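Letter by letter, the chains look like this.
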Amino acid sequence: MLNLNQRDTGTFLFVIIITVLAPFVMNPFPTESAMAQFNAGYPDLMQRFVIFGIFAIGFNILFGLTGYLSFGHAAFLGVGSYAAVWMFKLLSYNIIPALVLSVIIAGIFSLFIGFLCLRRSGIYFSILTLAFAQMSFAIAYSVLSNPKFNLTNGETGLQVYADDIQLFKVENLTTPHLFGVKMNSTYELTLGAWDFQFNVGYYVSAVVMILMFYVSIRIFRSPFGLMLRAVKTNQTRLNYTGLNTRPYTLAAFVISGMYAGLAGGLLASMDPLAGAERMQWTASGEVVLMTILGGAGTLLGPVLGAGFIKYFENILSKINDNVLHAWFQYLPEWLENSLVWVLHWFTGKGWHLTLGLLFMIIVIFLPGGLMDGANRIREAIRGRKAKKNAKTPAE
Amino acid sequence: MSILEVQNVNKSFGGLKALQNVNLKVEEGTIHAIIGPNGAGKSTLLNCFVGKLVPDTGSVTFDGQSLLQKKPHEINQMGVSRVFQTPEIFTDLTVFENVMIPCFAKRDGSFELNAWKPVTRESDIRERAEQMLIDVNMIDKRDMIASSMSRGDKRRLEMAMCLSQSPKLLLLDEPTAGMARADTESTIELLKEIQARLKITMAIIEHDMGVVFSLAQKISVLAQGTVIAEDLPDAIRSDPRVKEAYLGTAAED
């Protein structure tokens, strides 16, 4: 189907089904139950799942295939966000021109940075990208934000004001929309004890992610993808086989930069605000974690990794001391207090600690990330089946 | 007609003169061996052919075009393929993918943004790669990951990758170094067969005299950075200068 082999078609259908049914899948607990705080089926978080999924899919085209570890991809995400908000300010709240411009600007930006950074490989490449991203952050934070020339609005972040030009302004549409359908409109469905939320912004982002996932499968399976994998394995042989590695790596860099720009544009379309902190090195590091956690070089891994990290970030940070006390109130007070004291470090503001531990466990025991784990489970099941088949005597 | 011509090439690294006034001609359609003791400058010379090193002075021309200031991938696109001392292959990829890559390089040039069409639909490339694997007797290993093969098979695969580009000149850097006797013999057979069938010009750098004398139609002897003899194998075998270079000063001195 769609020029994909059987296995890729399966993966693709899996992604489509999960994203379309996400409002149900992510919301397994009844609204009033104690477990409801583990639900992830609210628009804000689901949007993050798919948008950071796009970011990680693109990053994986560079890192997963060529092995070039960029530590500056958040710069392209930030540039995409700024471009999108400027489109809102100048044209209208329609997200189409915003997304188009964010991809174009991020593409130009990554062409420039990639051209300079790809002169080196390995750790030097990583450091160069990190340096460029931090420079972009500093420029966006202060240099391009002064009374004479205010491109980024510095610390406050770029946003749309009532007196902005908005050439094609439509009355009553004061938030991002797609030809009149507002991104923040949500339809709520109550089924028994459950509340399910269907948000326009989520579904728009989900469609974009599905398309981008398809594009990434095609790139992975193309001759270009084969060359990128060859770059990772042996550049010497590639050079002596008559292939110029530089344009290949640059193309991969620009493609992944454009993915990041698209993700940035979508972030701004969900919430029309762009701040410089989106470009900071922690944000670049996050996409590296997502890709490695899910499984670098696999198709599905980065999407899973993005979901995994965003889920724990949002859910764990919501569990503060009050919630913990409520959980353990039936215990004797000394035990309750000591348990809360211990868990306090891992939840609420301490969620980074839990994420760090999970990351360590996964990298140590599953070097190939979550996809590695999934494959091992699949093989174990298949092995057991094979054993069972072997035991049944032949007819 | 000579396909590769080296004239007055000098190359030094710091104070060490690795090559001094080297002259060499490789005739089209022959197997030309370059031999010499350790440190004679054989590998330096080879690296000057492929664009890894640039000679300080002198000229290297291939097929009438200068190879100086050209990058390795440009030289390869002109028709020069190289087999390394330790096989350089794409170890993470399958044998079949390994052979497809040079086929793409031959068809599409040094860069092509072919990012949409699945590899499985590139039937001309697949046929060519498959035929190549049949030719070198590796079709049964088609879907193996290259890193899991024996060294002899890796060498064979590297050879197949080079040959799939139908090069005008094949450079071999000690193709049998570190090989078991049986692998060495099968490599010699393979090279002879290729030479007989495809008439590819080959330049071989080799230590193993057995390999050299059973393959080469012409031999150049390199010692201390200069060519001390260039002749037919039989003449080289009895040349006193060659003996001296290999065994040290002659006994009667």
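Just so we're clear, the structure is a prediction, and the values are computed from it rather than from any experiment.

K.L.:
Any chance you could explain the overall build of chain B here in plain terms?
P.N.:
Within chain B, the regular secondary structure consists of nine helices and 10 strands. Scaling as 2.2 N^0.38, a compact globule of 253 residues should have a C-alpha radius of gyration of about 18 Å, and chain B matches this with 19 Å. When its C-alpha atoms are laid out on the principal axes, chain B stretches across 70 × 40 × 35 Å. In chain B, buried positions account for 42% of the 253 residues. By sequence separation, contacts in chain B at least 24 residues apart represent 67% of the contacts at least 6 residues apart.

K.L.:
Can you walk me through the interface of chain A and chain B in this structure?
P.N.:
Many structure descriptions define interface size as the accessible area lost when the parts assemble. Chain A puts 25 residues into the contact, and the matching count from chain B is 30 residues. Of all the secondary structure elements, the ones that give two or more residues to the side of chain A that touches chain B are α7 (200-221), α8 (223-233), α9 (235-239) and α10 (245-270) of chain A. Take the side of chain A that touches chain B: its biggest share by element is seven residues, from α8(A). Across the side of chain A that touches chain B, the residue classes tally to 10 nonpolar, 10 polar and five charged.

K.L.:
Help me out: how do you make sense of the domain arrangement of chain A in this one?
P.N.:
According to the domain assignment, chain A consists of domain 1 (6-293) and domain 2 (319-395). Relative to domain 2 of chain A, the C-alpha centre of domain 1 of chain A lies at a distance of 28 Å.

K.L.:
Would you mind going over the pairing of strand β7 (residues 169-173) of chain B with me for this structure?
P.N.:
The side chains of a regular strand alternate, first on one face of the sheet and then on the other. All names here are of chain B. The element β7 is extensively covered by neighbouring structure, given that five of its five residues are classed as buried. Neither face of β7 is left uncovered, since the one carrying Leu169, Leu171 and Asp173 and the one carrying Leu170 and Leu172 both have all their residues buried. Here strand β6 (residues 80-83) pairs with β7 via four bridges, running parallel. The residue bridging Val80 from the neighbouring strand is Leu169, located in β7. Direction of pairing for β7 relative to strand β8 (residues 201-205): parallel, over a ladder of five bridges. Bridge pairing in β8 places Leu172 opposite Ile204.

K.L.:
How should the sheet that holds strand β10 (residues 226-231) of chain B be read in this particular structure?
P.N.:
Adjacent strands of a sheet form backbone hydrogen bonds with each other and so pair up, either parallel or antiparallel. Residue and element names in this part refer to chain B. As summarised here, the arrangement of the six strands in space is β6-β7-β8-β3-β9-β10, forming an open sheet in which the pairing is mixed. Only two strands of the sheet have a single neighbouring strand rather than two, namely β6 and β10. The mean angle between the axes of side-by-side strands here comes to 20 degrees, regardless of whether they run parallel or antiparallel. Pairing of strand β3 (residues 31-35) with strand β9 (residues 218-223) involves four bridges; the strand directions are parallel. Of the residues in β9, the one forming a bridge with Ile35 is Val221.

K.L.:
Help me understand the sheet that holds strand β2 (residues 16-27) of chain B, please; the structure alone is not making it clear to me.
P.N.:
If you trace the four strands from one edge of the open sheet to the other, you get β2-β1-β4-β5 (chain B), paired in antiparallel fashion. In this open sheet, the two edge strands, each paired with only one partner strand, are β2 and β5 (65-66) of chain B.

K.L.:
How should I be thinking about the environment of Ala83(A) in this particular structure?
P.N.:
Residues and elements named next belong to chain A. On the secondary structure map, Ala83 appears in helix α4 (residues 74-90). A tally of 26 C-beta atoms within 10 Å means that Ala83 is categorised as buried. Not counting residues up to four positions away in its chain, the partners in contact with Ala83 are Leu101, Ser102, Ile105 and Gly265.

K.L.:
Would you explain the packing of α4(A) against α10(A) in this entry?
P.N.:
Between two packed helices, both the angle of their axes relative to each other and the distance between the axes serve to describe the pair. Residues and elements named next belong to chain A. Put simply, α4 and α10 touch, their axes get as near as 7 Å, and they point 45 degrees apart. Relative to α10, α4 is oriented oblique. Seen along the crossing, α4 lies across α10 with a hand that is right-handed. Residues Phe76, Leu77, Gly78, Val79, Gly80, Ser81, Ala83, Ala84 and Val85 of α4 form the contact with α10, whose own contacting residues are Gly257, Ala260, Gly261, Leu262, Ala263, Gly264, Gly265, Leu267, Ala268 and Ser269. Considering only residue class, the contact of α4 with α10 consists of 11 nonpolar, eight polar and no charged.

About the cut-offs
Per chain, residues are indexed from 1 in the order of the written sequence. Lettering of chains starts at A and numbering of ligands starts at 1, both following the order in which they are written. Where totals are concerned, whole chains, interfaces and linings use all residues; where local detail is concerned, this predicted model gives features only for residues with pLDDT of at least 70, and gives and counts side-chain atom pairs only at 80 or more. Numbering of helices and strands starts at the N terminus; helices are DSSP runs of H or I of at least 4 residues and strands are runs of E of at least 2. All radius of gyration figures rest on C-alpha atoms, and the globule criterion is 2.2 Å times the number of residues raised to 0.38. Exposure in this text rests on C-beta crowding, where 20 or more other C-beta atoms within 10 Å of a residue's own make it buried, 12 or fewer make it exposed, and counts in between make it partly exposed. The C-beta atoms are placed from the backbone. This entry defines residue contacts through backbone-placed C-beta atoms, with two residues in contact when those atoms are within 7 Å. Basically, the charged four are Asp, Glu, Lys and Arg, the nonpolar ten are Ala, Val, Leu, Ile, Met, Phe, Trp, Tyr, Cys and Pro, and anything else, Gly included, counts as polar. Residue ranges labeled as domains rest on an automatic or database domain assignment. A pair of strands is treated as paired once DSSP finds two or more bridges between them. Interaxial angle, 0 to 180 degrees, is taken between N-to-C directions of lines fitted to C-alpha atoms, where a helix line uses only the stretch in contact. These descriptions rest on fixed angle ranges, namely under 35 degrees for roughly parallel, over 145 for roughly antiparallel, 65 to 115 for roughly perpendicular, and the rest for oblique. By definition, turning the near helix anticlockwise from the far helix through less than a right angle yields a left-handed crossing, and turning it clockwise yields a right-handed one.

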